[in-house]
Amino acid sequence: MVCQQVHRRMYQRMLSRHLRKRAAILENGVQLYADVQDCYGTQYSLAPFSLVRLRLSIPLQDQLALERVSAAFVACEAKQLIGKRLRIRFLPGDLSHVVITL
């Protein structure tokens, strides 16, 4: 019983931290395009959204690309995103969490 309560509180804190970061990104984020190389599901979800880890390839210049694994909330099946180019927003200097914009 106590273990379930501890797990639930940890889950709520983690989701609230990700939602605060998402709000900050939407407010002050930098926008660019990235290609999704792969995605990994997590066990966390919030209503219609689920938190996934995306392996992104961000094209720079002259066939150079930055590859990064970031977390994002998605409303669709995550495997549908593999191989697509997405418009994302992120905080300057922090690619740990991105927001997918349509």
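Residues numbered from 1 in each chain as written. Predicted model: local features only at pLDDT ≥ 70, side-chain atom pairs only at ≥ 80, totals over all residues. Heavy atoms only, no water.

**Remarks on the pairing of strand β2 (residues 49–59)**
Part 1: Relative to β2, strand β1 (residues 30–46) is paired through eight bridges, and the arrangement is antiparallel. When the sheet's bridge partners are listed, C39 is paired in β2 with L54.
Part 2: Between β1 and β2, which pair antiparallel one after the other, the connecting turn spans two residues, and A47 there sits at a positive phi close to 50°.
Part 3: Taken together, the ten bridges between β2 and strand β3 (residues 65–74) define a ladder with antiparallel strand orientation. (Pairing = 2+ DSSP bridges. Helix = DSSP H or I, 4+ residues; strand = E, 2+ residues; numbered from the N terminus.)

**Things to note about the pattern of salt bridges**
Part 1: Per the counting criterion, the structure on display carries three salt bridges.
Part 2: For K21, the salt bridge is made with D94, and the minimal N-O distance between the two is 2.6 Å. Placement of the pair is K21 in helix α1 (residues 2–28) and D94 in strand β5 (residues 94–101), with a sequence separation of 73 residues.
Part 3: A salt bridge links E67 to R55; its shortest N-O distance comes to 3.8 Å. Here R55 lies in strand β2 and E67 lies in strand β3, a separation of twelve residues in the sequence.
Part 4: Accessibility expressed as a relative area gives 48% for E67, which makes it partly exposed.
Part 5: Residue classification places R55 among the partly exposed positions, given a relative accessible area of 30%. (Salt bridge = Lys/Arg side-chain N within 4 Å of Asp/Glu carboxyl O. Buried < 20%, exposed > 50% of the residue type's maximum accessible area, 1.4 Å probe, protein only.)

**Side note on a positive patch on the surface**
Part 1: A cluster of basic residues, R9, R13, R17 and R20, forms a positive patch on the protein surface.
Part 2: For R17, the position within the fold is in helix α1. (Patch = residues over 30% accessible without salt bridge, like charges linked within 9 Å, V, L, I, M, F, W, Y side chains within 5 Å. Areas by Shrake-Rupley, 256 points an atom, 1.4 Å probe, with all protein chains shown as cover. Lys, Arg positive; Asp, Glu negative; His and termini not counted. Charge placed at Lys NZ, Arg CZ, Asp CG, Glu CD.)

**Considering the side chain of H97**
Part 1: Along the chain, H97 turns up in strand β5.
Part 2: According to the relative accessible area criterion, H97 is buried, its value standing at 2%.
Part 3: A polar side-chain atom of H97 sits 3.2 Å from a polar atom in the side chain of H18.
Part 4: Setting aside its immediate chain neighbours within four residues, H97 contacts H18, K21, R22, I25, L51, S70, A71, A72, F73, R89 and F90. (Polar contact = N/O pair within 3.5 Å; in protein donor to acceptor, adjacent residues only side chain to side chain. Contact = heavy atoms within 4.5 Å.)

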